[in-house]
Amino acid sequence: MNLVRYGLIGFGAWGKHHADAITKAHNAQLIGIAAHSESTASDASQAYPDAFVTTDYHALLARDDLDVIDVVVPSHLHHEVATAVLQSGKHLLLEKPMGINLDQCDSMIASAQSHDRLLCVGHELRLSSMWGKVKEMIDDGFLGTPQYCLVELSRNPYRQGAGGWRYDINRVGNWILEEPIHFFDLARWYLESAGTPQSVYATANSRDPERPELQDNFSAIMHFAGDAYAVVSQTLSAFEHHQTAKVTGSKGALWASWSGAMDRTRHPTFKLRAFDGNEVVDVPIEKPTGELFELEDQIVRVAEAIQSGRPLHCTAQDGRWSVAMCLAASASVASGTKEPIDQG
Ligand SMILES: NC(=O)C1=CN([C@@H]2O[C@H](COP(=O)(O)OP(=O)(O)OC[C@H]3O[C@@H](n4cnc5c(N)ncnc54)[C@H](OP(=O)(O)O)[C@@H]3O)[C@@H](O)[C@H]2O)C=CC1
Ligand SMILES: O=C1CO[C@H](CO)[C@@H](O)[C@@H]1O
C-alpha cells in the first residue's frame, strides 16, 4: 500500500517529535515542513535534508503531493491554519486543544464535512497501552457500572513556548485547555456509558500575582447525565511528571499511575492495578506508555484511517467536547458556581 504523505506545520518542541514520529511510521513519509522563523526553518532543513521546508505554510498547502497535514502550532493559530488545510483539500491531524473557543471548533467541523476530509484531534492518550487498557477493561464490564473517575497530574511548570505564547492568555486560551484537557477527554471516555457530561464546578489559583489569569492549581468536579461524576485535578507547582487515573464502579476499581522525569520521557515507570471486588492484581502492560509512544501510534493510526478507513481514535466531535468541558470549567472558576457544558 502507498505510504501516506505527511506535511507538518510547526517545528517547535512538540512539532519536532511529530516529525520524528512521521519518519518512524511504517506507513507514512514526511514530505514537507512549514516553520515560522528562518532559524526554525533552518533547523528543519538540517534535520530533514530531503524534506521541502518553507516559512510560509500556504506554500506547503499549495503542493499536490500531500495527503495529510499535521498541525502543531500555538493554540490560537489552530483555527486559522486548520481551516486553510481543509480548504486545500488535505486531511488534517490537529493538535489539542482543537480550538480556543467553540465557534472555532464548529467552523472546523463544518469545513471538514464540506470538504469531505478527515479531522483528527491529537488526544493521543487514548492510544496508550495503559490508559487505553483502562478503557478496554471498563468496556468489558470489569468495574460493573462505572460511577467515579479521578484523573490527576502533579508536574513541573509549563514551558514558555515560542515567543512566550503559553504564558499569554490570548494565545493559550487558558491553562485548562493546555493539559487538563487531556484528562477531561479521558474522564469522558472512561465514563462514556454514564451519558454525556452535563455540568462542571471548578476552582483554581495562581502562584504568581503577576499573572492571576494563568492558574497553576486547578480542580474540577464534572457531573454526567446519570449520577456518575469525574474529578480532574492538576498542579503545575510540583516536580517531574506524575499522573494517576482511578476509576471505580459498582463491582471493582482500576488504578493506573505513570511517572517520568518529564512528560516527554522514553523511560517512565507505570503501573495498572485492578480490584475485582475480591483481590487486587497487577495488570501486565506489555508496551511502554508515554506521550512520545502514543504520538508515534497516532501518526500510524491517522495514516491507516486514510489508507483503509480505520476509525480515528479521536474525532473532531471528541475534540469539540474536550474544549467544551474546559471552557465550562474556566467559566466556573470565574463565576464560582457550577456551569453547564455545551452539548453541541
Ligand atoms: N498532545 C500533546 O500531548 C501535546 C500537544 N501540544 C500542543 O502542540 C502545539 C504546539 O506546542 P509546542 O510545540 O509545545 O509549542 P512551541 O512553542 O514549542 O512550538 C510552536 C511552533 O509553532 C511555530 N509556528 C508559529 N506560527 C507558525 C506558522 N504560521 N507556521 C509555521 N509554524 C509556526 C513556531 O515557529 P518558530 O519556532 O519559527 O517561532 C514554533 O516552532 C500547541 O497547540 C500545544 O497545545 C504540545 C505538547 C504536547
Ligand atoms: O500533554 C502535554 C504536555 O504538556 C504540554 C505543556 O507543557 C501540553 O501542551 C501538552 O498538551
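Residue numbering note: each chain is counted from 1, following its sequence as written. Each chain is given a letter, starting from A, and each ligand a number, starting from 1, according to the order in which they appear as written. Whole-chain, interface and lining totals are the exception, using all residues; otherwise, since this is a predicted model, local features are given only for residues with pLDDT of at least 70 and side-chain atom pairs are given and counted only at 80 or more. Values shown for side chains rest on all heavy atoms present in the structure; no hydrogens or waters enter the calculation.

What to know about the packing of helix α4 (residues 78-87) against helix α5 (residues 102-114)
When two helices pack together, their arrangement is captured by the angle between the axes and the distance separating the axes.
Okay, so step 1: Two elements in contact, α4 and α5, have axes separated by 10 Å at closest approach and are oriented at 5°. Judged by the angle between their axes, α4 and α5 are roughly parallel. From α4, His 78, His 79, Ala 82, Thr 83 and Leu 86 reach across to α5, where they touch Gln 104, Ser 107, Met 108, Ser 111 and Ala 112.
Okay, so step 2: For the contact of α4 with α5, the per-class residue count stands at four nonpolar, six polar and no charged. Lines are fitted to the C-alpha atoms to define the axes, a helix being fitted only along its stretch in contact, and any angle between axes, read from their N-to-C directions, falls within 0 to 180 degrees. Strands here mean DSSP runs of E at least two residues long; helices mean DSSP runs of H or I at least four residues long; both are numbered from the N terminus. Reported orientations rely on four angle classes, namely roughly parallel under 35 degrees, roughly antiparallel over 145, roughly perpendicular from 65 to 115, and oblique for the rest. We call two residues contacting when some pair of their heavy atoms lies within 4.5 Å. Here the nonpolar group is Ala, Val, Leu, Ile, Met, Phe, Trp, Tyr, Cys and Pro; Asp, Glu, Lys and Arg are the charged ones; every other residue, Gly included, is treated as polar.

Remarks on the packing of aromatic side chains
Okay, so step 1: Under the pairing criterion, centres of Phe, Tyr and Trp rings, with the six-membered ring standing for Trp, must be within 6.5 Å; the plane angle then separates stacked pairs below 30 degrees from edge-to-face pairs above 60, leaving the rest tilted. For the structure on display, the rule yields six aromatic pairs.
Okay, so step 2: A ring pair is formed by Phe 11 and Tyr 48, whose centres lie 6.2 Å apart and whose planes are at 85°; its orientation type is edge-to-face. Taken together, the positions of Phe 11 in the loop between β1 (4-9) and α1 (13-24) and Tyr 48 in the loop between α2 (38-47) and β3 (52-54) put the pair 37 residues apart, joining distant regions of the chain.
Okay, so step 3: Clustering of aromatic rings is evident, with ring pairs tying together Tyr 158, Tyr 167 and Trp 175.
Okay, so step 4: Geometry around Phe 52 places Arg 63 over its ring, the cationic atom sitting 4.6 Å from the centre.
Okay, so step 5: Across the ring face of Phe 293, the terminal group of Arg 266 is positioned such that the distance to the ring centre comes to 5.4 Å. We call a charge positioned over a ring when the NZ of a Lys or the CZ of an Arg lies within 6 Å of the ring centre and within 35 degrees of the ring normal.

Considering the UniProt feature "domain: GFO/IDH/MocA-like oxidoreductase" (unreviewed entry) in the protein chain
Okay, so step 1: UniProt positions are given in the numbering used here, feature names are shortened, and annotations may be inferred rather than shown by experiment. The feature "domain: GFO/IDH/MocA-like oxidoreductase" (unreviewed entry), as given by UniProt, occupies residues 133-254 in the numbering adopted here.
Okay, so step 2: Taken end to end, residues 133-254 comprises 18% helix and 37% strand; its first and last C-alpha atoms sit 10 Å apart.

With respect to the UniProt feature "domain: Gfo/Idh/MocA-like oxidoreductase N-terminal" (unreviewed entry) in the protein chain
Okay, so step 1: What UniProt calls "domain: Gfo/Idh/MocA-like oxidoreductase N-terminal" (unreviewed entry) maps, in this numbering, to residues 4-123.
Okay, so step 2: Across residues 4-123 one finds 42% helix and 22% strand; the C-alpha atoms that close the span lie 20 Å apart.

As for the packing of helix α8 (residues 180-190) against helix α10 (residues 316-335)
Okay, so step 1: The N-to-C vectors of α8 and α10 enclose an angle of 115°; their axes lie 9 Å apart at closest approach. The orientation of α8 with respect to α10, classified from their angle, is roughly perpendicular. Two packed elements cross with a definite hand, and for α8 against α10 that hand is right-handed. Packed against α8, whose contacting residues are Ile 181, Phe 184, Asp 185 and Arg 188, the element α10 presents Asp 318, Trp 321, Ser 322, Val 323, Met 325, Cys 326 and Ala 329 at the interface. Take the far helix as the reference: if the near one is turned anticlockwise from it by less than a right angle, the crossing is left-handed, and if turned clockwise, right-handed.

Comments concerning the site of ligand 2
Okay, so step 1: Any residue with a heavy atom positioned within 4 Å of a molecule or strand is treated as near that molecule or strand. Neighbouring residues of ligand 2: Lys 96, Arg 155, Tyr 158, Arg 159, Arg 166, Glu 178, Glu 179, His 182, Asp 263 and Glu 291.
Okay, so step 2: Between N or O atoms, a polar contact is any pair within 3.5 Å; within protein, one atom must be a potential hydrogen donor and the other a potential acceptor, and residues adjacent in sequence are included only when both atoms are from side chains. Between ligand 2 and Arg 166, the relevant distance is 3.3 Å, taken from an oxygen atom to a side-chain nitrogen or oxygen of the residue.
Okay, so step 3: Taking Glu 178, its side chain carries an N or O atom lying 2.4 Å from an oxygen atom of ligand 2.
Okay, so step 4: Partitioning the shell around ligand 2 into residue classes produces one nonpolar, one polar and eight charged.

Section: the pattern of salt bridges
Okay, so step 1: We count a salt bridge whenever a side-chain nitrogen from Lys or Arg sits within 4 Å of a carboxyl oxygen from Asp or Glu. In this structure the tally under the stated criterion is 27 salt bridges.
Okay, so step 2: Notably, a salt bridge pairs Asp 208 with Arg 211, separated by 3.8 Å at the nearest N-O pair.
Okay, so step 3: For each residue, the accessible area found with a 1.4 Å probe, counting protein chains only, is set against the maximum for its type, and the residue is called buried under 20%, exposed over 50%, and partly exposed in between. Its relative accessible area of 26% is what places Asp 208 among the partly exposed residues.
Okay, so step 4: Judged by relative accessible area, Arg 211 falls into the buried class, the value being 12%.

Comments concerning the pairing of strand β2 (residues 28-34)
Okay, so step 1: Where burial is concerned, most of β2 is hidden: six out of the seven residues are buried.
Okay, so step 2: Note: β1 against β2, six bridges, orientation parallel. Along β2, the bridge assignment pairs Tyr 6 with Leu 30.
Okay, so step 3: Call a crossover right-handed when, viewed with both strands pointing away from you, the route from the first strand across the helix to the second goes clockwise. Since β1 and β2 lie parallel, the crossover through α1 that links them has a hand, and here it is right-handed.
Okay, so step 4: Pairing geometry for β2 and β3, over three bridges, is parallel. Residue pairing in the sheet places Ala 34 in a bridge with Thr 54 of β3. We call two strands paired when DSSP finds no fewer than two bridges between them.

Here we look at the site of ligand 1
Okay, so step 1: Taken together, the neighbourhood of ligand 1 is formed by 32 residues, with Ser 37, Thr 40, Glu 124, Ala 162 and Trp 165 sitting nearest.
Okay, so step 2: Contacts to ligand 1 include Ala 13, whose backbone N or O atom sits 2.9 Å from an oxygen atom.
Okay, so step 3: Between ligand 1 and the protein, one listed contact pairs an oxygen atom with a side-chain N or O atom of Trp 165 at 2.7 Å.
Okay, so step 4: At three residues, α1 tops the list of elements feeding residues into the shell around ligand 1.

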